[in-house]
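Observations on the three-dimensional arrangement
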Amino acid sequence: DILWIAESDDTCDPELLRTLLPVFDNPKVKLAYVNSNIIDENGRITGDYTSTEYLSSLSTTKWGRNYQVTAEQEINDGLGIKNTILNISAVLVRRFEMNKEFRDILQSMRIAGDWYFIVNALREGFVVYDAKKLNSHRRHASSVIAQTVTDKKLQDFFQEFFIVQDYIVKTYPLRHEFLNKWEAYLRKQWGDFYKDQPMDGLSSYYPLEK
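An account of the accompanying structure is given in this report. (Residues numbered from 1 in each chain as written. Predicted model: local features only at pLDDT ≥ 70, side-chain atom pairs only at ≥ 80, totals over all residues. Heavy atoms only, no water.)

Thoughts on unusual backbone geometry
Even without a glycine there, the phi angle at Glu124 is positive, about 60°. You can see Glu124 is positioned in the loop between α5 (113-121) and β7 (126-138). Of the residues examined, Glu124 reaches a relative accessible area of 69% and is grouped as exposed. (Helix = DSSP H or I, 4+ residues; strand = E, 2+ residues; numbered from the N terminus. Buried < 20%, exposed > 50% of the residue type's maximum accessible area, 1.4 Å probe, protein only.)

A word on a nonpolar patch on the surface
Where nonpolar side chains cluster on the molecular surface, the patch consists of Trp4, Leu17 and Leu21 and spans about 230 Å² of accessible area. For Trp4, the position within the fold is in the loop between β1 (2-3) and β2 (11-12). Judged by its relative accessible area of 32%, Trp4 is partly exposed. (Patch = residues over 30% accessible without salt bridge, like charges linked within 9 Å, V, L, I, M, F, W, Y side chains within 5 Å. Areas by Shrake-Rupley, 256 points an atom, 1.4 Å probe, with all protein chains shown as cover. Salt bridge = Lys/Arg side-chain N within 4 Å of Asp/Glu carboxyl O.)

Description of the pattern of salt bridges
When their charged atoms lie close together, side chains carrying opposite charge are able to pair. Within the structure shown, the criterion is met by 13 salt bridges. Residues Lys133 and Asp48 are paired through a salt bridge, measuring 2.6 Å at the closest nitrogen-oxygen approach. With Lys133 in strand β7 and Asp48 in strand β4 (residues 45-48), this pair connects stretches of sequence that are 85 residues apart. In this structure, the salt-bridge partner of Arg187 is Glu183, at a minimum N-O distance of 3.1 Å. Here Arg187 pairs with Glu183, and both are found in helix α8 (residues 176-193), just 4 residues apart, close to one helical turn. Three or more residues joined by partner-sharing salt bridges are found here, namely Lys62, Glu74, Asp77 and Arg175.

Considering the packing of helix α7 (residues 154-171) against α8
For any two helices packed against each other, the geometry comes down to the angle between their axes and how far apart the axes lie. Relative to each other, α7 and α8 sit at 170°, their axes nearing to 12 Å. Here α7 is positioned roughly antiparallel relative to α8, judged by the angle of their axes. The segment α7 lies against α8, with Leu154, Phe157, Phe158, Phe161 and Gln165 engaging Trp182, Tyr185, Leu186, Gln189, Trp190 and Phe193. Each residue belonging to the contact of α7 with α8 can be placed in one class, and the counts come to 9 nonpolar, 2 polar and no charged. (Axes fitted to C-alpha atoms, helices over the stretch in contact; angles between N-to-C directions. Parallel < 35°, antiparallel > 145°, perpendicular 65-115°, else oblique. Contact = heavy atoms within 4.5 Å. Nonpolar A, V, L, I, M, F, W, Y, C, P; charged D, E, K, R; others polar.)

Looking at the pairing of β4
By the bridge criterion, 3 bridges tie strand β3 (residues 29-39) to β4 in an arrangement that is antiparallel. Paired with Asn37 across the two strands is Asp48, which belongs to β4. Hairpin connection between β3 and β4: a loop of 5 residues separates the two successive antiparallel strands, and Gly43 in this loop has a positive phi of roughly 85°. (Pairing = 2+ DSSP bridges.)

This is the structure we're talking about:
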């Protein structure tokens, strides 16, 4: 009934399951996750995500304390803008219906599949977060994202971004401020990867007008 995608390269504290499983006694909870340390190839802790610009640009306080929110709020707070649940090994989800369309799309993705899985899994439920660092996420220089950037295959990156955000726009009520943050982040991503190139070039990968 409860799924844990425990990736083989990551590790966790023995308390992870003992901490998260009880929250599913509430049938409205669809997803629960914990904070993560970042470890290198040799298992050394190199940091965590709460202090990184990636999360602090959305909030400097949200991930510093435990919370329970609706899926709609989690999406509007930031999960709809970028994947703020940065390690699937730190997550438990309630089993949900995976129809053929969902499976086909998920199997076609190689960069943002975990994000697409998450925003589907928490639909019409609650999200619970525990700020304790009970998980360790191993980061390799040869990760899929790193390879994508290195190989300049950024069209895959933006195309998968669009798949996830197209689903979000069609599924969740979004606040006006969400749309402003979404566009600002998308423009930042384009500027970081394609410096000094006009945004018009994005349309071939991410059909912004849709």
